[in-house]
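Examination of the molecular architecture
Residue strings, one per chain:
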Amino acid sequence: MQSSKPTHVRYLILLMLFLVTTINYADRATIAIAGSSLQKDLGIDAVTLGYIFSAFGWAYVAGQIPGGWLLDRFGSKKVYALSIFTWSLFTVLQGFVGEFGMSTAVVALFMLRFLVGLAEAPSFPGNARIVAAWFPTAERGTASAIFNSAQYFATVLFAPLMGWIVYSFGWEHVFIVMGILGIIFSLVWLKVIHSPRQHPMANEAEVNFIADNGGMVDMDQNKGKKADGPKWDYIRQLLTNRMMLGVYLGQYCINGITYFFLTWFPVYLVQERGMTILKAGFIASLPAICGFIGGVLGGVISDYLLRKGHSLTFARKAPIIAGLLVSSSIVACNYVDVEWMVVGFMALAFFGKGVGALGWAVVSDTSPKQIAGLSGGLFNTFGNIASITTPIVIGYIISSTGSFKWALVFVGANALVAVFSYLVIVGPIKRVVLKEPPAKGGNEATGNLSQAHS
């Protein structure tokens, strides 16, 4: 730590966040790629498949607040490493449900998807905490957008691979391959991830640069002590804050779009557009490429606007609102029959969704540092209710109408409701100031805000 020139270890940390989030979303998408073949082999209908798709979401939502609390109590490194290992193990086990009878296999698959969701719960609050610790404010929007864009990169990289595995070897092997990859990565995580002051590769100049420009480099110091952990009154304060409620509603709607692509989109390509699963795997990667580009671009534009002197509110809201308006174009797929036009509108919708997916940057700008993990967990709880409702609602729409037309209207409406939320409900984006609960006595301290991301 003697060199006066700052190191750039934070970019290595960002690479790790990008890679782990890629694996995270690939494991979520395994069921979608395997869905059509799995549905045929197990003899299940659209409604049952919708419930299986939703199993992840039930546990993921339930685990957000406990997962955020664990991160605040014990720090990001250990909790996240355990999360990666356990969700990967449960992914591997899904590859063996076909050994049971149909009814048992459906129950086992639902339960394993549920356990994957529970194990993944600390992941995005963990990302948010790590970005808050490692990145100064002016770099946080881009950093958040980059790790968040991994959800699209996961589809670009793994959808063709997983489609090929299903086509060539059967749906079971998708779960086994992806699960083993995650288990290996959990060991790499333990080797590479450290807090800023403890990282062997980061020098003092870089740590000071981060700390002097808004990074919370000491966030994970002295974790594990009994006194650590958030006060539950803090949750009440966040839930009574109009700005945060608007952000939560917006994230719910944005995730409604995400979970269409993560669950029903490959099934749409196979059943509504008549593609083979192999072709659907490759086609699904094209909108994802556009989503990846849009996701990175949204963060870059937002930070650029901030550096040019625009308010934090304008810098965050402008890309969100513009991107989501573009995303509503998904409804146009109902009015075209040419395959390339369908793919084009899907790609445009996913690009817009990527540009507008800056919710984690907003959480970074607003979360109190006392509860950076819990605040991110609460945000992700509301957002990922969509992981439960979207697959089920679409399953019922398809079952009752026999097509995806109204399902796409439902997805497009989510984008417009998110626009309304940011325009009307959120108001100015600013840091939330928490008050210490009076019952605790002593200090009536106000909290500095954490900068985190989802």
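The structure displayed is predicted, hence computed values, not measured ones. (Residues numbered from 1 in each chain as written. Predicted model: local features only at pLDDT ≥ 70, side-chain atom pairs only at ≥ 80, totals over all residues. Heavy atoms only, no water.)

A short note on the nonpolar core
Counting 124 residues, the largest nonpolar core has Trp134, Trp189, Phe260, Trp264, Tyr268 and Met346 as the members making the most contacts within it. Residue contributions to this core peak at 17 residues, all from helix H12 (residues 242-272). With residues up to four places along the chain from it excluded, the contact list for Trp189 reads Met16, Leu17, Val20, Lys77, Tyr80, Ala81, Ile84 and Ile130. (Core = buried A, V, L, I, M, F, W, Y, C linked by side-chain atoms within 4.5 Å. Buried < 20%, exposed > 50% of the residue type's maximum accessible area, 1.4 Å probe, protein only. Helix = DSSP H or I, 4+ residues; strand = E, 2+ residues; numbered from the N terminus. Contact = heavy atoms within 4.5 Å.)

Observations concerning the side chain of Thr390
Mapped onto the elements, Thr390 comes out in helix H18 (residues 386-401). When its relative accessible area of 1% is taken as the criterion, Thr390 is described as buried. Contacts of Thr390, omitting those with residues within four sequence positions, involve Gly256, Tyr259, Phe260 and Phe410.

Some thoughts on the pattern of salt bridges
Scanning the entire structure with this criterion turns up 5 salt bridges. Measuring nitrogen to oxygen at the nearest pair gives 3.0 Å for the salt bridge that ties Glu120 to Arg28. Separated by 92 residues along the polypeptide, Glu120 in helix H5 (residues 102-120) and Arg28 in helix H1 (residues 9-42) bring together distant segments of the chain. A residue is classified by how much of its surface remains accessible, and Glu120, at 0% relative accessible area, is buried. A salt bridge links Arg316 to Asp303; its shortest N-O distance comes to 3.2 Å. Taken together, the residues Arg316 in helix H14 (residues 312-327) and Asp303 in helix H13 (residues 277-307) connect sequence positions 13 residues apart. One continuous salt-bridge network, built from bridges that share partners, spans Arg10, Glu139 and Glu206. (Salt bridge = Lys/Arg side-chain N within 4 Å of Asp/Glu carboxyl O.)

A word on the domain arrangement of the chain
In terms of domain boundaries, the chain breaks down into domain 1 (7-217) and domain 2 (232-434). Here the C-alpha centre of domain 2 lies 18 Å away from the C-alpha centre of domain 1. In this complex, domain 1 contributes 52 residues to the contact, which on the side of domain 2 involves 57 residues. Together domain 1 and domain 2 conceal approximately 4600 Å² of surface at their shared face, both sides included; 72% is due to carbon and sulfur atoms. Remark: the boundary between domain 1 and domain 2 carries 0 salt bridges. Linking domain 1 with domain 2 are 7 residue pairs in polar contact (both at pLDDT 80 or more), by the criterion used here. The set of elements that each furnish at least two residues to the side of domain 1 that touches domain 2 consists of H1, helix H2 (46-62), helix H3 (64-74), helix H6 (123-134), helix H7 (137-148) and helix H8 (150-169). For the side of domain 1 that touches domain 2, the per-class residue count stands at 31 nonpolar, 16 polar and 5 charged. (Domains from an automatic or database assignment. Buried area = accessible area lost by both parts, 1.4 Å probe. Polar contact = N/O pair within 3.5 Å; in protein donor to acceptor, adjacent residues only side chain to side chain. Nonpolar A, V, L, I, M, F, W, Y, C, P; charged D, E, K, R; others polar.)

A word on the state of the cysteines
Applying the stated criterion to the full structure yields 0 disulfides. Free cysteine Cys253: the closest other cysteine sulfur is in Cys333, separated by 19 Å. Taking the relative accessible area as the measure of exposure, Cys253 reaches 3% and is therefore buried. In this structure Cys333 is not part of a disulfide, and its nearest cysteine sulfur, from Cys290, lies 12 Å away. (Disulfide = S-S within 2.5 Å.)

Section: the packing of aromatic side chains
Tallying each qualifying case throughout the model produces 23 aromatic pairs. Judged by centre distance (5.2 Å) and plane angle (45°), the rings of Phe18 and Phe153 are tilted. With Phe18 in helix H1 and Phe153 in helix H8, the pair connects residues that are 135 residues apart, well separated along the chain. Ring centres 5.3 Å apart and planes at 85° place the aromatic pair Trp164 and Phe169 in the edge-to-face group. Looking at Phe169, the relative accessible area reads 48%, which means it is partly exposed. In this structure, Arg28 is placed above the aromatic ring of Tyr25, and the distance from its NZ or CZ to the ring centre is 4.2 Å. (Phe/Tyr/Trp six-rings, centres within 6.5 Å; stacked < 30°, edge-to-face > 60°. Lys NZ or Arg CZ within 6 Å of the ring centre and 35° of its normal.)

Considerations on the environment of Thr366
You can see Thr366 is positioned in helix H16 (residues 359-366). According to the relative accessible area criterion, Thr366 is buried, its value standing at 0%. Residues Thr366 and Ser76 lie 290 residues apart in sequence; the distance between their C-alpha atoms is 19 Å. At 2.9 Å, the side chain of Thr366 forms a polar contact with the backbone oxygen of Val362.

So, the packing of H12 against H18
H18 packs onto H12 with a crossing angle of 60° between their chain directions and a minimal axis gap of 8 Å. By the angle between their directions, the pair H12 and H18 is classed as oblique. For the pair H12 and H18, the crossing hand works out as right-handed. Across from Tyr252, Asn255, Gly256, Tyr259, Phe260, Thr263 and Trp264 in H12, the residues of H18 making contact are Ala386, Ser387, Thr389, Thr390, Pro391, Ile394, Gly395 and Ile398. For the contact of H12 with H18, the per-class residue count stands at 8 nonpolar, 7 polar and no charged. (Axes fitted to C-alpha atoms, helices over the stretch in contact; angles between N-to-C directions. Parallel < 35°, antiparallel > 145°, perpendicular 65-115°, else oblique. Left-handed = near helix turned anticlockwise from the far one by under 90°.)

Some remarks on a nonpolar patch on the surface
On the surface, a nonpolar cluster with roughly 330 Å² of combined accessible area is contributed by Phe85, Leu89, Leu93 and Phe96. Considering the arrangement of structural elements, one finds Leu93 in helix H4 (residues 76-94). (Patch = residues over 30% accessible without salt bridge, like charges linked within 9 Å, V, L, I, M, F, W, Y side chains within 5 Å. Areas by Shrake-Rupley, 256 points an atom, 1.4 Å probe, with all protein chains shown as cover.)

Concerning helix H19 (residues 405-425)
For H19, with 21 residues, the first-to-last C-alpha span of 30 Å sits near the 30 Å given by 1.5 Å per residue. Taken residue by residue, H19 has Ala407, Leu408, Val411, Gly412, Asn414, Ala415, Ala418, Val419, Ser421 and Tyr422 as its buried positions. Down the axis of H19, the smallest arc covering the buried residues is 165°, so these residues share one side. Exposed residues lying more than 90 degrees from the buried face of H19 are Trp406 and Leu423. If you follow the buried residues of H19, they end up packed against H12, H14, helix H15 (339-356), H16 and H18. After H19 finishes, the residue Gly427 shows a positive phi value of roughly 70°. (Expected span 1.5 Å × (residues − 1). Arc of directions from axis to C-beta.)

Here's the deal with H1
The first and last C-alpha atoms of H1 sit 48 Å apart over 34 residues, in line with the 50 Å expected at 1.5 Å per residue. Directly after H1, the chain includes Gly43, whose backbone phi takes a positive value near 65°.

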